[in-house]
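# Summary of the model geometry
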Amino acid sequence: MRRADVPVPAPAGTPDVADDGRGGGGGGDDLRRMARGGGLNIVGAAFSQGSLFVIMLVLALTTSGADVGRYSMCYALLTILTLVALGGVRATLTRFVAMRLADADPGAVRGTVRLGMAVAVGGGLAVSGALALCSGWVAGVLQEPGLRDGILLVALAVGAATVQGAALAATQGWRSQRAFTLIGQVLDPGLRVVLTALALWLGHGLMGALWALVISTWTAGLLAVVVLVRRMRQVEPARPTYTPRPMASFAVVSWGSTLATTGLVWTDTLILGHLTSAEDVGTYTVATRLVGLAIFVLNPINSAFVPSVARLHHLGDRDGVDLAYGAANRWIIRLSVPAFILLLVFPAELLGLFGGGYAAAAAVTVVLAVGQLANAAAGPCGSVLNMTGLVRISLVDNVAALVLNVVLNLVLVPRFGVLGAAVAWTASLLLVNATKWLQVRRILGIRARGTGTVATLVAAAPAALVAVLLGLAVDGTTATLLLAAPAVVVVYLSVLLLRGLEADDRALLAGLLRRRKGRAAGVAPS
């Protein structure tokens, strides 16, 4: 194990680094920051996922299923190629900035940010140029020769998305989620929705929607750089010091791991585009968007969790890691349960919102929901492996899952179409999450403390029963959903509240309600 990956206890008398880098709390401070940052991130992620849902809904209602599929393929390309361009810089910046702040080393903070951003800019330019040159070939592989202009727009957006991702990841090293949420999850998708709706209203169709993607990405990217520059002005003046070897070592492995994870999410879309029609891709995308809404809390809570676990592990606080891991796991599954109940009981009704042509994907939605439910139950086990230095193990896990997903897609899609893609994806998710959960326990000896699994199941059971009874008693898509959705949420939350919430849960709710209870304890807001 490299020295950079070994937990280093803080020197005697060294204060914990708070959001402004001038001192703070400790393990409890990290949990409070996670709760407030997680609450802010959840609001942002709800907006982000809702925005993408609205874009797909508007495209489905105003264009063809084929155009929904083409937009999805372009979006998949942008997501995957942005990660290729980042080269692992995103996780590296968050981890190393958090560590250097914990060490109270302003020179190392400056060097880390400069080196990371330089790599991101170079990677973004290289990938954008390569995609532009190969746009015709890529369109041919996707069996959509007319999509070349759309792919050129994706090339234009990749550079901005790369810079945005790196800059916002660096700000998260301060254990602050504000810039990440407000720019990456509110401004970018919000502006995209407005511009997409305007473009479709003006009759510009698919290309107008893709231009909206380009404009929103560039706007958010420039603002992310401005925010990072303002952050760096708060760092004590010092000569930058660089640690390229440990950063590069972590970045390369993290890059492969993250790329494999993202490939697991988007490969089925691209394989469907190659083996089936754009209409099938559109149907599959609508189902995945619904399931994505159920698990939208995973990424925001994970983003709040990552800098805290990196810092706690770096300082040798094993109990703090266990508590943070348990709290993140609890929040993810508890906040996801009502949506999963609705997905499993009312898949056809939910798909009916997109129009009659999509209701046939009910079985696909159920299969995808099972995979994401396992993903939620496992919690942020992959982030634990990454932030404790075991990125190589995480890389092997993710690559194995990606290979399995590709093989299963190639075997199942020609025979079963979109349902085969859903089965392949779910099987891969089940395997990789079970493997990582066991590795965190066996290799690191980390146990998620305070997951509250029993209380969650006790609250979920009556909520699911209410959903089933309403499904049997009420006819009509709209009427069923209007009654079932609030009923499930009310029953579920009522049982949880009667059992009593943990202190961390109350802090998370305070973050969701934008309350400032942390100020009373002398904790800077995140």
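Residues numbered from 1 in each chain as written. Predicted model: local features only at pLDDT ≥ 70, side-chain atom pairs only at ≥ 80, totals over all residues. Heavy atoms only, no water.

With that settled, consider the overall build of the protein chain. A tally of helices and strands in the protein chain yields 21 helices and 0 strands. Put simply, the protein chain has 526 residues, and 56% of those count as buried. Long-range pairs, those at least 24 residues apart, make up 84% of the contacts in the protein chain between residues at least 6 apart in sequence. (Helix = DSSP H or I, 4+ residues; strand = E, 2+ residues; numbered from the N terminus. Buried < 20%, exposed > 50% of the residue type's maximum accessible area, 1.4 Å probe, protein only. Contact = heavy atoms within 4.5 Å.)

Here the focus is the packing of aromatic side chains. This structure, assessed with the given rule, holds 1 aromatic pair. Aromatic pair Tyr71 and Tyr75: ring centres 6.5 Å apart, planes at 20 degrees, arrangement stacked. One end of the pair is Tyr71 and the other is Tyr75, both in helix H2 (residues 65–86) and 4 residues apart, which spans about a single turn. The ring of Phe96 is capped by Arg95, whose NZ or CZ atom sits 5.6 Å from the centre of that ring. (Phe/Tyr/Trp six-rings, centres within 6.5 Å; stacked < 30°, edge-to-face > 60°. Lys NZ or Arg CZ within 6 Å of the ring centre and 35° of its normal.)

Let's shift gears to the environment of Leu412. Structurally, Leu412 is set in helix H16 (residues 391–416). C-alpha of Leu412 to C-alpha of Ala422: the two residues are 10 residues apart in sequence and 9.4 Å apart in space.

This part is about the packing of helix H6 (residues 148–172) against helix H7 (residues 178–201). For the pair H6 and H7, the least separation of the axes is 8 Å and the interaxial angle reads 145 degrees. Where H6 approaches H7, its residues Gln164, Leu168, Thr171 and Gln172 are matched on the opposing element by Ala179, Phe180, Ile183, Gly184 and Asp188. Of the residues that constitute the contact of H6 with H7, the class distribution is 4 nonpolar, 4 polar and 1 charged. (Axes fitted to C-alpha atoms, helices over the stretch in contact; angles between N-to-C directions. Nonpolar A, V, L, I, M, F, W, Y, C, P; charged D, E, K, R; others polar.)

Attention now moves to helix H12 (residues 318–345). With 28 residues, H12 extends 40 Å between its outermost C-alpha atoms, agreeing within 8% with the 40 Å of an ideal straight helix rising 1.5 Å per residue. Largest kink in H12: about 40 degrees, centred on Val337, with the proline Pro338 one to four residues after it. (Expected span 1.5 Å × (residues − 1). Bend = angle between axes of the 7 residues up to and from the residue.)

Turning next to the nonpolar core. Ranked by size, the top nonpolar core spans 107 residues in total, and within it Tyr71, Tyr284, Leu343, Phe354, Val364 and Leu368 carry the most contacts. In terms of residue count, H12 provides more of this core than any other element does, 13 residues in total. Setting aside anything within four residues of it in sequence, one finds Leu368 in contact with Tyr284, Ala287, Thr288, Val291, Ala422, Trp425 and Thr426. The next biggest cluster of nonpolar side chains, apart from the first, holds 24 residues, and it includes Leu168, Phe180, Ile183 and Leu228. (Core = buried A, V, L, I, M, F, W, Y, C linked by side-chain atoms within 4.5 Å.)

Further remarks concern the packing of helix H10 (residues 278–294) against H12. The interhelical angle for the contact between H10 and H12, taken along N-to-C directions, is 150 degrees, at an axis separation of 8 Å. Every residue of H12 that contacts H10 at Leu290, Val291 and Ala294 is listed here: Ser336, Ala339, Phe340 and Leu343. In terms of residue class, the contact of H10 with H12 is made up of 6 nonpolar, 1 polar and no charged.

Before going further, it helps to examine the layout of surface pockets. What the second largest pocket holds in volume is close to 380 Å³. Looking at the second largest pocket, it is lined by 19 residues, and the ones nearest its centre are Ile333, Ala377, Thr453, Thr456 and Leu457. For the lining of the second largest pocket, the elements supplying multiple residues, two or more each, are H12, helix H14 (362–378), helix H17 (418–442) and helix H18 (453–473). Looking at the lining of the second largest pocket element by element, the count peaks at 7 residues for H12. Here the lining of the second largest pocket is composed, by residue class, of 13 nonpolar, 4 polar and 2 charged. (1 Å grid on protein atoms, 1.4 Å probe; cavity = no way out; pocket = protein on both sides within 12 Å on 5 of 7 lines; lining within 4 Å. Points joined across faces, edges and corners; volume = space filled by probe spheres on them.)

On to the side chain of Thr171, then. Tracing the sequence through the fold places Thr171 in helix H6. Every residue in contact with Thr171, bar those within four places of it in the chain, is listed here: Ser176, Ala179, Phe180, Val227, Leu228 and Arg231.

The next subject is the pattern of salt bridges. Considering all chains together, one arrives at 4 salt bridges under this definition. Residues Arg70 and Asp67 are paired through a salt bridge, measuring 2.8 Å at the closest nitrogen-oxygen approach. Highlighted residues: Arg70 and Asp67, both in helix H2, separated by 3 residues, approximately one helical turn. Its relative accessible area of 22% is what places Arg70 among the partly exposed residues. Given a relative accessible area of 17%, Asp67 falls into the buried group. (Salt bridge = Lys/Arg side-chain N within 4 Å of Asp/Glu carboxyl O.)

Further remarks concern the environment of His313. By the secondary structure assignment, His313 is in helix H11 (residues 298–314). Judged by relative accessible area, His313 falls into the buried class, the value being 10%. Separated by 74 residues in the primary sequence, His313 and Met387 have C-alpha atoms spaced 7.9 Å apart.

The next point concerns a nonpolar patch on the surface. A surface patch of nonpolar side chains, about 560 Å² in accessible area, is lined by Leu156, Met207, Trp211, Ile215, Trp218 and Leu222. The element that contributes the greatest number of residues to the nonpolar patch is helix H8 (residues 205–233), accounting for 5 residues. The class for Trp218 is partly exposed, based on a relative accessible area of 37%. (Patch = residues over 30% accessible without salt bridge, like charges linked within 9 Å, V, L, I, M, F, W, Y side chains within 5 Å. Areas by Shrake-Rupley, 256 points an atom, 1.4 Å probe, with all protein chains shown as cover.)

Predicted coordinates in regions of low pLDDT should not be interpreted in detail. In the predicted model, the protein chain carries a mean pLDDT of 78, and 82% of its residues have values of at least 70. Mean pLDDT in the protein chain bottoms out at helix H21 (residues 517–520), which sits at 40, and peaks at H8, which reaches 93. Ignoring residues within four places in sequence, the model shows residues 1–27, a span with pLDDT below 50, making 50 contacts including any to other chains. Segment residues 515–526: pLDDT under 50, and 25 contacts once partners within four positions in sequence are set aside and those in other chains are kept. (pLDDT = per-residue confidence, 0-100.)

A separate point is H7. The end-to-end C-alpha separation of H7 is 33 Å, in line with the 34 Å expected for 24 residues at 1.5 Å each. Where H7 bends most, at Leu187, the angle is about 25 degrees, and the proline Pro189 comes one to four residues later. After H7 finishes, the residue Gly203 shows a positive phi value of roughly 90 degrees.

Let us now look at the environment of Cys74. Mapped onto the secondary structure, Cys74 falls in helix H2. Leave out the neighbours within four places in its chain, and Cys74 touches Leu147, Gly150, Val154 and Leu210.

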